[in-house]
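# Structural overview
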Amino acid sequence: MIHIKNAEEIAHMRATCSLAAQVLDMIAPHVLPGVTTQRLNEICHDFICDHGAYPSPLNYYGFPKSICTSVNDVVCHGIPGKQVLKDGDIVNVDITTLLGGFHGDTSRTFLVGETSDKAQKITRVAHESLVRGIGAVKAGATLGDIGHAIQSYAESEGCSVVREYCGHGIGREFHEEPQVLHYGKPGRGFRLRPGMVFTIEPMINLGKPDIRLLKDNWTVITRDGSLSGQFEHTILVTENGCDILTSLNGHV
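As the structure is a prediction and not an experimental result, all values here were calculated from the model.

Pairing within the open sheet is antiparallel, and its three strands lie in the order β3-β12-β11. The outermost strands of the open sheet, each flanked by one partner alone, are β3 (74–76) and β11 (211–213). Adjacent strand axes in the sheet meet at a mean angle of 40°, parallel and antiparallel pairs treated alike. In terms of strand pairing, β3 meets strand β12 (residues 220–222) through two bridges, oriented antiparallel. Its bridge partner lying in β12, Val74 is registered against Ile221.

As structure tokens, this is what we get:
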């Protein structure tokens, strides 16, 4: 069942999503060569807790850290640890906050130091894929419209869309209905209604879409070793389009 948020719930969603966005902006200057992913985790954890919230990933189905850090060929759910970021890396930092009983979810892929043309391309295409997906959101449109907008753009750039992971409804629960696929056909799937809140978070590979789950049962990598990029926002469907709840300035 898709839960349509009322005005009070939307106000709570705005608060938690604003905090998640603040965390991403706060951590940006720390994403540098020589920094460990564990250090990024510690900084984000402290910031979230200092603002009266809880990091949603921590202990979620046993996930051991407060954020996800997915470096280079890691598609999603990278576990922060001893890995040291180096010049030329890309890293997706995925933040979810639980504030006032509601979750806000957002992520961004950062370029670390001087990066290659390939690193810059996948980061650009992943971001634009999110832009295209959000551009398809309006009352009366379908989930298939969102997926098609993302897929058609990413593939036109010679990249691929990961099929196994998707966006999701969000609110009192970290993951709610509906599932928001990042591929599809126009006019297919649920029709969007004002008050729906969900994430759009396309995982875009520079190579083929095939993935592999590592033995830690969390970390997902590209099977061909190609770079993978991702950007994510939490979106509210409105009467006239949508609001990007995890944007502090209204921009994607």
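Still to come is the rest of the account.
Right, let's talk about the nonpolar core for a bit. One finds Val137, Ile146, Leu192, Phe198, Ile200 and Ile204 to be the most contacted residues of the largest nonpolar core, which totals 30 residues. Once residues lying within four places of it in the same chain are set aside, the contact partners of Ile204 are Ile122, Val125, Ala126, Ser129, Ile150, Ala154, Cys159, Ser160, Val161, Leu227, Ser228 and Gly229. Within the second largest apolar cluster, 22 residues are counted, among which are Ile48, Ala53, Val91 and Ile95.

On to the packing of aromatic side chains, then. Here the structure, examined in full by the defined rule, presents three aromatic pairs. Aromatic side chains Tyr60 and Phe174 sit 4.7 Å apart centroid to centroid with 50° between the ring planes, which places their arrangement in the tilted category. Of the two residues, Tyr60 is situated in the loop between β1 (54–55) and β2 (68–71) and Phe174 in the loop between β7 (167–169) and β8 (176–180); the sequence distance between them amounts to 114 residues. We classify Tyr60 as partly exposed; its relative accessible area is 27%. Residue classification places Phe174 among the buried residues on the basis of a relative accessible area of 10%. For the pair Phe63 and Trp218, a centre-to-centre distance of 5.1 Å together with 85° between the ring planes defines the contact as edge-to-face. Placement of the pair is Phe63 in the loop between β1 and β2 and Trp218 in the loop between β11 and β12, with a sequence separation of 155 residues. Cluster of aromatic residues (ring-pair linked, three or more members): Tyr60, Tyr61 and Phe174.

Definitions and cut-offs
Residues numbered from 1 in each chain as written. Predicted model: local features only at pLDDT ≥ 70, side-chain atom pairs only at ≥ 80, totals over all residues. Heavy atoms only, no water. Pairing = 2+ DSSP bridges. Helix = DSSP H or I, 4+ residues; strand = E, 2+ residues; numbered from the N terminus. Axes fitted to C-alpha atoms, helices over the stretch in contact; angles between N-to-C directions. Core = buried A, V, L, I, M, F, W, Y, C linked by side-chain atoms within 4.5 Å. Buried < 20%, exposed > 50% of the residue type's maximum accessible area, 1.4 Å probe, protein only. Contact = heavy atoms within 4.5 Å. Phe/Tyr/Trp six-rings, centres within 6.5 Å; stacked < 30°, edge-to-face > 60°.

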